[in-house]
Amino acid sequence: MIAASREPHQPDPTSPEPRAWQRELAEAVTDPGELLDLVGLDREPWLAAARRAATLFPLRVPRPYVARMRRGDANDPLLRQVLPLAEEFAPQPPSFVADPVGDLAVAAHPGVLRKYRGRALLVTTGACAVHCRYCFRREFPYGEQLASTGHWAAAVAALRADTDAREVLLSGGDPLSLATHKLAELTTQLATMPHVERLRIHTRQPIVLPSRVDEALVSWLASLRWPTTIVLHVNHAQELDGPTIEALARLRATRAHLLNQSVLLRGVNDDAATLAALSVALHAAGVLPYYLHGLDPVRGSAHFDVPDDEARRLHEALIRELPGYLVPRLVREVPGAPSKVSISSVGTARTG
Ligand SMILES: *Cc1c(COP(=O)(O)O)cnc(C)c1O
Ligand code: SF4
């Protein structure tokens, strides 16, 4: 399986850092039976299907995230994001494919995705602290496309030559899966490129593993010479508990801008009250909503899909309910488009 090429989550013995978060990362729940036990659900009828679906894309969920799930509730919105279900191997509509956003076509250099003007996205690592079942990169061949393994120098050279890349996005996988000293190595090289004016980090780690926002990370962020934007990934207000909110406060103290992107997911956040509560909770934690993404039609995720016309109605309800700055832009990724595309302008509902 391609997903099996993801990097193992072993603590790095050469790392000079305190490694509390690396231990927590390594101790994540990977066995579907254990996850069911922890949330107080019977193994029937979930376990056999979960084991089978986990062979398509392994289960992985950090324990602090499991602790935020409601016990005994199979419909818990956090559990639903990580528990492999039988629906994943049900026949998929033909529009649900392995590479729905056309990433393989735009990987000009290993590890560098060059889709939009002025912005270069670095696929720093394939590793994530959590495996989200709807992830559009669940089948991404990270082995060939990582900036960090073997290709780090090539990716840096490509960015150096690419003087149109005013903004560099660290993405993955989750870039904060890398040790902070590795991230610092990279930004030291980026700092020698005069055309790089902004740095952006796309990460879910502060949400699912708040211990990741430790002193080393915070001092690295505070030392960067660029205005830095951190785009988090929260789908439901229940993901914001005490430790997470404290981690976000530590990030804010580095003067980084904090934004959030969510994915609109059937059974997780597909109603206006849930989405409004998310925006309000994010704001209280110092984070502004950025994007609400329509699901990328990756194979195995069709049960999360919300049709575009329903998405538009939810978005209109949010616009009526909230101040403009708390309404995320409703977008989807369309292969070949010069930017994310607003779903309100997509026009006809998607087929399939
Ligand atoms: C989403 C994305 C970006 C960033 O797009 P913004 O609209 O600037 O947030 C950049 N590069 C790639 C490859 C992307 O998928
Ligand atoms: S954290 Fe992001 S990249 Fe990683 S599995 Fe979840 S959605 Fe995918």
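Up top is the structure these notes are about.
Since the model is a prediction, treat every value here as computed from it, not as a measurement.

How each quantity is defined
- Residues numbered from 1 in each chain as written.
- Chains lettered and ligands numbered in written order.
- Predicted model: local features only at pLDDT ≥ 70, side-chain atom pairs only at ≥ 80, totals over all residues.
- Heavy atoms only, no water.
- Helix = DSSP H or I, 4+ residues; strand = E, 2+ residues; numbered from the N terminus.
- Contact = heavy atoms within 4.5 Å.
- Areas by Shrake-Rupley, 256 points an atom, 1.4 Å probe, with all protein chains shown as cover.
- Near = heavy atom within 4 Å.
- 1 Å grid on protein atoms, 1.4 Å probe; cavity = no way out; pocket = protein on both sides within 12 Å on 5 of 7 lines; lining within 4 Å.
- Sits in = over half its atoms within 2 Å of the grid points.
- Nonpolar A, V, L, I, M, F, W, Y, C, P; charged D, E, K, R; others polar.
- Phe/Tyr/Trp six-rings, centres within 6.5 Å; stacked < 30°, edge-to-face > 60°.
- Buried < 20%, exposed > 50% of the residue type's maximum accessible area, 1.4 Å probe, protein only.
- Lys NZ or Arg CZ within 6 Å of the ring centre and 35° of its normal.
- Polar contact = N/O pair within 3.5 Å; in protein donor to acceptor, adjacent residues only side chain to side chain.
- Expected span 1.5 Å × (residues − 1).
- Points joined across faces, edges and corners; volume = space filled by probe spheres on them.

1. Quick word on the overall build of the protein
Counting its regular elements, the protein contains 14 helices and 10 strands. Long-range contacts, defined here as pairs at least 24 residues apart, represent 81% of the contacts in the protein between residues at least 6 apart. When the accessible surface of the protein is summed, it comes to about 14,500 Å², and 56% of that surface belongs to carbon and sulfur atoms.

2. Observations regarding the site of ligand 2
For ligand 2, the full set of nearby residues is Cys128, Val130, Cys132, Cys135, Gly173, Arg204 and His233. Judged by the proximity of its atoms to the pocket grid, ligand 2 belongs to the largest cavity. Within the shell around ligand 2, the residues separate by chemical class into four nonpolar, two polar and one charged.

3. Focus on the packing of aromatic side chains
Per the counting criterion, the structure on display carries two aromatic pairs. On the numbers, 5.7 Å between centres and 85° between planes, the contact of tyrosine 134 with phenylalanine 304 is edge-to-face. Taken together, the residues span a long stretch of sequence, with tyrosine 134 in the loop between strand 3 (119–123) and helix 7 (142–145) and phenylalanine 304 in the loop between strand 8 (288–293) and helix 14 (308–321) at a distance of 170 residues. Taken individually, tyrosine 134 and phenylalanine 304 each receive the classification buried, so the pair is uniform in this respect. Across the ring face of phenylalanine 89, the terminal group of arginine 52 is positioned such that the distance to the ring centre comes to 3.7 Å. Arginine 212 extends its terminal NZ or CZ atom over the ring of tryptophan 21, reaching a point 3.8 Å from the ring centre.

4. Remarks on the site of ligand 1
Lining the immediate surroundings of ligand 1 are Leu113, Lys115, Tyr116, Arg119, Leu121, Leu169, Arg200, Tyr290, Tyr291, Glu333 and Lys340. For ligand 1, an oxygen atom lies 2.7 Å from a polar atom in the side chain of arginine 119. About the coverage of ligand 1: the protein hides 94% of its 390 Å² of free accessible area. More than half of the atoms belonging to ligand 1 lie within 2 Å of the grid points that define the largest cavity. For the shell around ligand 1, the secondary-structure elements that each account for two or more residues are strand 3 and strand 8. Taken together, the residues that form the shell around ligand 1 break down as six nonpolar, no polar and five charged.

5. Regarding helix 14
With 14 residues, helix 14 extends 20 Å between its outermost C-alpha atoms, agreeing within 8% with the 20 Å of an ideal straight helix rising 1.5 Å per residue. All of the buried residues along helix 14 are Asp308, Ala311, Arg312, Leu314, His315, Ala317 and Leu318. Next to the buried residues of helix 14 lie helix 13 (272–284) and strand 9 (329–332).

6. A few points about empty space enclosed by the protein
Space left empty within the atom packing is revealed by a probe, the size of a water molecule, rolled over the atoms. Using the criterion set out here, one finds three cavities of 30 Å³ or more in the structure. By volume, the largest cavity is sized at about 880 Å³. If you trace the largest cavity, you find 44 residues lining it, with Phe136, Arg137, Ser171, His202 and Gln261 closest to the centre. Among the elements of the structure, strand 3, strand 4 (167–171), strand 5 (198–202), helix 10 (205–208), strand 6 (228–233), strand 7 (257–263) and strand 8 are those that each provide at least two residues to the lining of the largest cavity. Residue classes in the lining of the largest cavity are distributed as 21 nonpolar, 12 polar and 11 charged. In this structure, the second largest cavity spans a volume of roughly 70 Å³. Lining the second largest cavity we find Ser262, Leu275, Leu278, Ser279, Leu282, Pro289, Tyr291, Leu292, Leu318 and Pro328.

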